[in-house]
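Survey of secondary and tertiary structure
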Amino acid sequence: MMHTVVGWHVELEFTEDDDQHTRAVAMVRLPDGSEVRAHGRASRHRVDSNQPRVGEEIAGARALNELAMQLLTKAHEEIDADSGRTSHPIHA
């Protein structure tokens, strides 16, 4: 039996609005050509030290979490469309 390996590449892009706010955009291009995008944000409290990497990690994690939820919703909708019935929600 032959197995086909499929790979997804997730892209993360970060923007620092200032030294206290970091934004992240996560995007995955699926084999059918569709793209799913999600956003995350992090804010540094003014008394915390300036650690841009930490802001990226938090904003990136939030964007990836949102991306995961969008992919679960997309899969759930495709299951319903294919089966012609309402299925049980998919939980992370």
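Residues numbered from 1 in each chain as written. Predicted model: local features only at pLDDT ≥ 70, side-chain atom pairs only at ≥ 80, totals over all residues. Heavy atoms only, no water.

**Brief notes about the overall build of the chain**
Helix and strand content of the chain: one helix and three strands. Against the compact-globule benchmark of 12 Å for 92 residues, the chain has a radius of gyration of 17 Å, which places it well outside the compact range. Summarising its shape, the C-alpha atoms of the chain cover approximately 55 × 30 × 20 Å along the three principal directions. Relative to its full complement of 92 residues, the chain shows a buried share of 21%. Excluding contacts between residues fewer than 6 apart, the proportion of contacts in the chain whose partners are at least 24 apart in sequence is 36%. When the accessible area of the chain is evaluated, it comes to approximately 7,100 Å², of which 52% is carbon and sulfur surface. (Helix = DSSP H or I, 4+ residues; strand = E, 2+ residues; numbered from the N terminus. Rg over C-alpha atoms; globule rule 2.2 N^0.38 Å. Buried < 20%, exposed > 50% of the residue type's maximum accessible area, 1.4 Å probe, protein only. Contact = heavy atoms within 4.5 Å. Areas by Shrake-Rupley, 256 points an atom, 1.4 Å probe, with all protein chains shown as cover.)

**What about the sheet that holds strand S2 (residues 21-29)?**
Taken in spatial order, the three strands make up an open sheet running S1-S2-S3, and their pairing is antiparallel. If you trace the sheet from one side to the other, it starts and ends with strand S1 (10-18) and strand S3 (35-43), each paired once. Across the sheet, the mean angle separating the axes of adjacent strands is 15° when strand polarity is ignored. Pairing of S1 with S2 involves eight bridges; the strand directions are antiparallel. (Pairing = 2+ DSSP bridges. Axes fitted to C-alpha atoms, helices over the stretch in contact; angles between N-to-C directions.)

**As for the pattern of salt bridges**
One pass over the structure, following the stated rule, counts eight salt bridges. Here Arg-23 makes a salt bridge to Asp-17, at a shortest N to O gap of 2.9 Å. Since its relative accessible area comes to 38%, Asp-17 is described here as partly exposed. Sharing partners across several salt bridges, the network here consists of Glu-11, Arg-29, Glu-35 and Arg-37. (Salt bridge = Lys/Arg side-chain N within 4 Å of Asp/Glu carboxyl O.)

**Regarding helix H1 (residues 52-83)**
If you check H1, its first and last C-alpha atoms are 46 Å apart, about what 32 residues at 1.5 Å a residue would give, namely 46 Å. Of the residues making up H1, those classed as buried are Gly-55, Ala-59, Gly-60, Ala-63, Leu-67, His-76 and Asp-80. Lining the buried residues of H1 we find S1, S2 and S3. Phi turns positive one or two residues past the end of H1, at Gly-84, with a value near 75°. (Expected span 1.5 Å × (residues − 1).)

**Observations concerning the layout of surface pockets**
Considered as a void within the structure, the largest pocket measures approximately 230 Å³ in volume. Taken together, 18 residues line the largest pocket, and the ones lying closest to its centre are Ser-43, Arg-44, Gln-51, Val-54 and Gly-55. Secondary structure elements with two or more residues in the lining of the largest pocket: S1, S2, S3 and H1. A per-element tally of the lining of the largest pocket places H1 first, with four residues. Here the lining of the largest pocket is built from residues that sort into four nonpolar, nine polar and five charged. (1 Å grid on protein atoms, 1.4 Å probe; cavity = no way out; pocket = protein on both sides within 12 Å on 5 of 7 lines; lining within 4 Å. Points joined across faces, edges and corners; volume = space filled by probe spheres on them. Nonpolar A, V, L, I, M, F, W, Y, C, P; charged D, E, K, R; others polar.)

**Digging into the environment of Ser-43**
Tracing the backbone through its elements, the reader meets Ser-43 in strand S3. By relative accessible area, Ser-43 is classed as exposed at 54%. C-alpha of Ser-43 to C-alpha of Asp-19: the two residues are 24 residues apart in sequence and 9.0 Å apart in space. Excluding its chain neighbours within four sequence positions, the residues that come into contact with Ser-43 are Gln-20 and His-21.

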